[in-house]
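Below are the chains, spelled out letter by letter.
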Amino acid sequence: MKLEGSEILLSASDLMRFMGCIHATAMDLRYAKGEPLFPAEDTEDAKILQKQGDAHEAKFLAKLRADGNLVIEFGRDRDLPASAKETRAALFAGADVLFQGAFFGLPWGGWSDFLIKVDKPSLLGAYSYEVIDTKLKRKPDPKHILQLVLYSDLLATAQGLQPEYAHIELGNGERFSFRLLDYAAYARHARSRLERFVADPPATSPDPVKMCDLCRWREVCQTHWEESDSLALVAGISRSQRSKLIAAGVTTMAALGQHNEGVPKLAETTLNRLRTQARLQTARRAGGRPSFELKPFDPSRGLALLPKPDAGDLFYDIEGDPFYENGLEYLHGVWFDSGGSGEFRDFWAHNRTEEKEALRQLIVFFEDRLKRFPRAHIYHYAAYEVSALRQLTSSHGVGEALLDQMLRENRFVDLYSVVSAGLIASEPRYSLKNLEVFYMEARTGEVKTAGGSVVAYEKWRETGDQSIL
Ligand code: SF4
């Protein structure tokens, strides 16, 4: 989004952001109009994604060239109206592929990835073009569709013909094609909603959504939530629960912690949990020590899921790299008691072959351990370990029988389920890192979270610097 003269120029990414969070659009608009706001820098994750997206795009471009296509490439260094003029001329010239062609027709504009020539007559001659975008994901996202319909509509104006299809080159090498007519009404409705929003911006306030972690306004919003003691800070609260509380006049975390009356449409047990959560977090924010309260005992959940401790128990974690092509489980880590002192065993993998070998060694290790300690369990935190093991054993054809047996015997104990159903803690999240305050000193190493581990691993892949591992 930017000011083009006195008008706001909107792009496909503005539309995608608007669909994710209208407050982000409101902030973008204020920023574009020159308000002194300070967006956060891209996160390391976002930088890796950007780099990999560029590499995916470059690979597809190289393939088009290798297939003998005549490709005209446009730089992004010119301003958009000038690039759009050049693109229009190139459309009439009839090259096979236009890479980073530009479109400009206020309020919309932007650079499409690829325009590919097809045998369908148009204003240009006996041919026309369709839009192809490259995306790293393995499945198309509804937001990608909005983007492609926008570029296709802008292309239609330039070539005097509505393209029939648009395409996405996915991260796994497959192409997803869709009929534009099937999505046109939805996409145009979304665009006109954004146009109306920009013409007359309503008041908005930040409400946490999935995309917050990658949003450039995340620091501004976090400060707002903290300064206003927002309900958004309460761990595990949902959007609809916040709305019901606000409608009942409970607007801050401290107020929720003290609220002793009912709230319409909010179940009493839910309200009790949220109230305790807010009270403990408020005390902690005021400088109190980490604290927790046990939930009422339920024989089928929470602490009741904990088996009897055994000398052979294992504590297990997997680190996976989603940025590796089709994902790579690059490290299995197991901690266990070895004759009275703790021992850590790691199983590394830096490519698909090593991933299989690391899995094989891990399975042998588990099998041996369970033979020696028939009552041992494998403790892990959250569902990822078991789902990754299922996926690994089936894709590599290694250890499926043992994994099935371990699952049947309830060998795996998910400590996240135990904790989240068993107690209410004073911390803002229930991640392993947040809960470490209850049992260990603050970490001092550079890698403190699973996300940080992936970023460090990606840095190692790029630089080969062994000190990172
Ligand atoms: S941080 Fe979250 S709530 Fe704030 S603008 Fe971004 S997406 Fe919206």
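No experiment lies behind these values; they were computed from the predicted model shown. Residue numbers run consecutively from 1 along every chain, following the written order of its sequence. Restriction of local features to residues with pLDDT of at least 70 applies here, the model being predicted, together with a cutoff of 80 or more for giving and counting side-chain atom pairs; totals for whole chains, interfaces and linings are based on all residues. Calculation of side-chain values draws on the structure's entire complement of heavy atoms; hydrogens and water are dropped beforehand.

(A) The overall build of the chain, seen in detail. A tally of regular secondary structure across the chain gives 16 helices and 17 strands. The C-alpha extent of the chain, read off along each of the three principal axes, is 80 × 60 × 40 Å. Taking the intrachain contacts of the chain between residues at least 6 apart in sequence as the baseline, contacts between residues at least 24 apart amount to 62%. If you sum the accessible surface of the chain, you get close to 25000 Å²; carbon and sulfur atoms cover 53% of it. When the 59 basic and 66 acidic side-chain charges of the chain are each reduced to a single mean position, those positions are 4 Å apart. Per the convention used, a helix needs a DSSP run of H or I reaching at least four residues, while a strand needs a run of E reaching at least two, with both numbered from the N terminus. Contact definition: two residues touch when any of their heavy atoms are within 4.5 Å. The Shrake-Rupley method, run with a 1.4 Å probe sphere, supplies the accessible areas, and residue values consider only the shown protein chains as cover. We treat Lys and Arg as the positive residues and Asp and Glu as the negative residues; His and chain ends play no part in the count. We put the charge of a Lys on NZ, of an Arg on CZ, of an Asp on CG and of a Glu on CD.

(B) Representation of the packing of aromatic side chains in the model. Two rings from Phe, Tyr or Trp (for Trp, the six-membered ring) form a pair when their centres sit within 6.5 Å of each other. Planes less than 30 degrees apart are called stacked, planes more than 60 degrees apart edge-to-face, and all others tilted. According to the stated counting rule, one finds 16 aromatic pairs in the structure shown. When the ring of Phe60 is compared with that of Phe114, the centres are 5.0 Å apart and the planes differ by 90°; the resulting orientation is edge-to-face. Highlighted residues: Phe60 in helix H3 (residues 44-66) and Phe114 in strand E7 (residues 114-118), separated in sequence by 54 residues. Only protein chains enter the accessibility calculation, which uses a 1.4 Å probe. A residue is then buried if its area is under 20% of the maximum for its type, exposed if over 50%, and partly exposed in between. Overall, Phe60 belongs to the buried group, its relative accessible area being 6%. Among the aromatic residues, ring-to-ring pairing joins Tyr316, Phe336, Phe347, Phe365 and Phe366 into one connected group. Its end group placed over the ring of Tyr127, Lys117 keeps NZ or CZ at 4.6 Å from the ring centre. Lysine NZ or arginine CZ positioned within 6 Å of the ring centre and within 35 degrees of the ring normal marks a charge as sitting over the ring.

(C) Region of interest: the sheet that holds strand E3 (residues 71-73). Criterion used throughout: strands pair if DSSP finds at least two bridges between them. Read across the sheet, six strands follow the order E3-E4-E7-E8-E9-E10 without closing on themselves; strand pairing throughout is mixed. Each having just a single partner strand, E3 and strand E10 (175-179) make up the two edges of the open sheet. Put simply, the sheet's adjacent strands are angled 25° from each other on average, direction ignored. Across three bridges, strand E4 (residues 97-99) lies against E7 in antiparallel orientation. Looking at the pairing, Val97 lines up with Ile116 of E7. Together, E3, E4, E7, strand E8 (128-134), strand E9 (165-169) and E10 form the strand contacts of H3, whose direction differs from that of E7 by roughly 25°. Helix axes use the C-alpha atoms of the stretch in contact, all axes being lines fitted to C-alpha atoms, and the angles between their N-to-C directions lie in the range 0 to 180 degrees.

(D) Quick look at the site of the ligand. Definition of nearness: a residue and a molecule or strand are near each other if at least one heavy atom of the residue lies within 4 Å of the molecule or strand. Around the ligand, the structure places Cys21, His23, Ala24, Pro206, Asp207, Val209, Met211, Cys212, Cys215, Trp217, Arg218 and Cys221. Secondary structure elements with two or more residues in the shell around the ligand: helix H2 (22-32) and helix H7 (218-227).

(E) Summary view of the pattern of salt bridges. When a carboxyl oxygen of Asp or Glu lies within 4 Å of a side-chain nitrogen of Lys or Arg, that pair is called a salt bridge. Applying the stated criterion across every chain yields a total of 24 salt bridges. As a salt-bridge pair, Lys135 and Asp133 come within 3.2 Å of each other at their nearest N and O atoms. With a relative accessible area of 14%, Lys135 lands in the buried category. Using a relative accessible area of 2% as the deciding quantity, one classes Asp133 as buried. Two residues, Arg372 and Asp368, come together in a salt bridge whose shortest N-O distance is 3.6 Å. Linking Arg372 with Asp368, this pair stays in helix H11 (residues 352-372), spanning four residues, or about one helical turn. On the basis of relative accessible area, Arg372 is assigned to the exposed category, the value being 52%. Residues participating in the shared-partner salt-bridge network are Arg17, Asp28 and Arg216.

(F) Layout of the pairing of E7. Sheet topology note: the E7/E8 ladder contains five bridges and is antiparallel. Directly across from Val118, in E8, lies its bridge partner Ser128.

(G) Quick look at the side chain of Glu329. Mapped onto the secondary structure, Glu329 falls in strand E13 (residues 328-338). One buried charged residue, Glu329, remains without a salt bridge, the closest side chain of opposite sign being Arg352 at 7.5 Å. Under this definition, polar contacts are N or O atom pairs within 3.5 Å; protein pairs additionally need one hydrogen-donor-capable and one acceptor-capable atom, and for neighbouring residues in sequence, both atoms have to be side-chain atoms. A polar contact is formed between the side chain of Glu329 and the side chain of Tyr384, at a distance of 2.7 Å. Leave out the neighbours within four places in its chain, and Glu329 touches Ile318, Glu319, Gly320, Ala349, Glu355, Tyr384, Ala388 and Leu392.

(H) Expanded view of the environment of Ile237. Mapped onto the secondary structure, Ile237 falls in the loop between H7 and helix H8 (239-247). With a relative accessible area of 11%, Ile237 lands in the buried category. On a C-alpha basis, the gap between Ile237 and Gln277 in space is 9.3 Å, while along the polypeptide they are 40 residues apart. Once residues within four sequence positions are removed from consideration, Ile237 is found in contact with Leu231, Arg242, Leu245 and Leu274.

(I) Geometry of the domain arrangement of the chain. These domain limits were set by an automatic method or by a database of domain assignments. What the domain assignment lists for the chain is domain 1 (2-199), domain 2 (228-288) and domain 3 (296-469). A separation of 33 Å is found between the C-alpha centroids of domain 2 and domain 3. Contact residues are listed per partner, giving eight residues for domain 2 and eight residues for domain 3. Considering only the surface of domain 2 that becomes buried against domain 3, Gln277, Leu280 and Arg284 emerge as the three largest contributors, covering 59% of it. Inspection of the region where domain 2 meets domain 3 yields one salt bridge. Two residues, Arg284 and Glu427, come together in a salt bridge whose shortest N-O distance is 2.8 Å. Viewed at the interface, domain 3 and domain 2 are joined by three residue pairs in polar contact (both at pLDDT 80 or more). Residue classes follow a fixed rule: Ala, Val, Leu, Ile, Met, Phe, Trp, Tyr, Cys and Pro count as nonpolar, while Asp, Glu, Lys and Arg count as charged, and any other residue, Gly among them, counts as polar. Grouping the amino acids of the side of domain 2 that touches domain 3 by side-chain chemistry returns three nonpolar, three polar and two charged. Once two parts are brought into contact, the accessible area they lose, counted with a 1.4 Å probe and summed over both, makes up the buried area.

(J) Region of interest: the packing of helix H12 (residues 384-396) against helix H13 (residues 400-408). Relative orientation of the contacting elements H12 and H13 amounts to 150°, with a least axis distance of 9 Å. With respect to each other, H12 and H13 are oriented roughly antiparallel. In this structure, the crossing between H12 and H13 has a hand that is left-handed. Contacts between H12 and H13 involve Val386, Leu389, Arg390, Thr393 and Ser394 on the former and, on the latter, Glu400, Leu403 and Leu407. Here the residues of the contact of H12 with H13 sort into four nonpolar, two polar and two charged. Roughly parallel means an angle under 35 degrees; roughly antiparallel, over 145; roughly perpendicular, 65 to 115; everything else is oblique. Two helices that cross are described as forming a left-handed crossing if the nearer one is turned anticlockwise from the farther one by less than a right angle, and a right-handed crossing if clockwise.

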